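Structural overview for review
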Amino acid sequence: MKVRTEARREAILEIASQVFLEFGFERASMAEIVRRIGGSKSTIYGYYPSKEALFQAVTQAAGEQHIQASFAELAAHDMQHGIAEVLARFGEKLATFMCRQEMIATHRMVLAEAGHSNMGELFYEAGPKRGMGEISAFFTRAMEHGHLRQDAPFVAALQFGALVQCEIQLRWYYKDLPPLPPEEIQALADRAVATFLRAYAPPAAASKPKAKSKKTA
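Residues numbered from 1 in each chain as written. Predicted model: local features only at pLDDT ≥ 70, side-chain atom pairs only at ≥ 80, totals over all residues. Heavy atoms only, no water.

Overview of the packing of aromatic side chains
In plain terms, the rule: Centres within 6.5 Å are what make two rings of Phe, Tyr or Trp a pair, Trp counting through its six-membered ring; a difference in plane orientation under 30 degrees is then read as stacked, over 60 as edge-to-face, and the rest as tilted. Strands are runs of DSSP state E lasting at least two residues, helices are runs of H or I lasting at least four, and both sets are numbered from the N terminus onward. Three labels apply to residues, based on accessible area from a 1.4 Å probe with only protein chains included: buried if under 20% of the type maximum, exposed if over 50%, partly exposed otherwise in between. Counting as a charge over the ring demands two things of the Lys NZ or Arg CZ atom: a distance within 6 Å of the ring centre and an angle within 35 degrees of the ring normal.
On inspection of all chains with the given rule, the structure shows eleven aromatic pairs. Ring centres of Phe25 and Phe55 lie 5.5 Å apart, and the angle between their planes is 65 degrees; this geometry places the pair in the edge-to-face category. Of this pair, Phe25 sits in the loop between helix 1 (6–23) and helix 2 (30–37) while Phe55 sits in helix 4 (residues 51–66), and the two are 30 residues apart along the sequence. For the pair shown, Phe25 and Phe55 are each scored as buried. Here the aromatic rings of Phe196 and Tyr200 are separated by 4.7 Å at their centres, their planes lie at 25 degrees, and the arrangement is stacked. Through successive ring pairs, a cluster of aromatic residues spans Phe71, Phe90, Phe138, Phe139, Phe160, Phe196 and Tyr200. We note Arg149 situated over the ring of Tyr200; from NZ or CZ to the ring centre the distance is 4.2 Å.

A word on the confidence of the model for the protein chain
As a reminder of what qualifies: A score between 0 and 100, pLDDT records how confident the predictor is in each residue.
Of the residues in the protein chain, 92% reach a pLDDT of 70 or more, and the chain-wide mean stands at 87. Mean pLDDT in the protein chain bottoms out at helix 3 (residues 41–45), which sits at 83, and peaks at helix 11 (residues 182–199), which reaches 97.

A closer look at the pattern of salt bridges
Under the convention used in this document: Counted as salt bridges are all cases of a side-chain nitrogen of Lys or Arg within 4 Å of a carboxyl oxygen of Asp or Glu.
A complete count under the given rule lists nine salt bridges for this structure. With its nearest N and O atoms 2.4 Å apart, the salt bridge here joins Asp151 to Arg149. Under the relative-accessibility criterion, Asp151 is labelled partly exposed at 37%.

Thoughts on the environment of Ala126
Selection rule: The contact definition used throughout considers only heavy atoms, calling two residues in contact when any of these lie within 4.5 Å.
When you line up the elements, Ala126 lands in helix 8 (residues 119–126). With a relative accessible area of 7%, Ala126 lands in the buried category. As a C-alpha pair, Ala126 and Phe55 span 71 residues in sequence and 8.8 Å in three-dimensional space. Discounting chain neighbours no more than four positions away, the residues touching Ala126 are Gln56, Thr59 and Gln60.

Printed below as a string of structure tokens:
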């Protein structure tokens with residue numbers, strides 16, 4: 001019986017990612033992935049039972065490698081000192097992740113093939129939906145502690161993601177654009193976070209009774 005190893009799994013995911021980006025989901029074949037890795041098809045099928053499962057694993061692995069630590073920071077935040085700082089750090093990490101060349105290539109590939117296969121759904125389930133769920137959990141706690149106004153946390157997560165992405169997504173339509181420097185990524189993330197916090201600011205403490213002015217005799 002062949003023993004599965006973490007190193008072998010990582011090698012399969014790395015090669016599979018290259019093949020998916022090069023050929024697209026429909027044209028990518030398990031045979032091509034096996035050819036590049038070496039061995040037999042049973043090598044891959046011992047880890048992933050189908051091409052769909054492999055693609056979802058590739059998507060999930062990219063998130064775990066580049067952004068999962070930032071999700072963990074959100075989950076661990078104790079809510080005692082507000083959320084502005086931790087959300088700003090997360091926004092910058094999320095924007096940096098979205099600006100990675102392989103992520104841009106992946107989004108282009110998914111959008112191009114979403115109308116022809118279930119690739120878009122597979123990508124959404126393995127990547128964005130999971131991420132939005134973690135952000136939603138953070139916003140749920142923030143609303144409970146009064147740091148954000150009460151609303152639908154998952155919708156808030158979608159809107160936050162859209163604000164971070166809006167200045168980045170326009171770049172996906174151009175063939176060759178220079179990478180954004182870190183200071184510009186930081187600036188666009190800061191704008192997104194500031195806009196979100198203004199939109200979801202809790203009600204002002206207007207319920208406090210106003211001090212009565214003393215009448216002069």
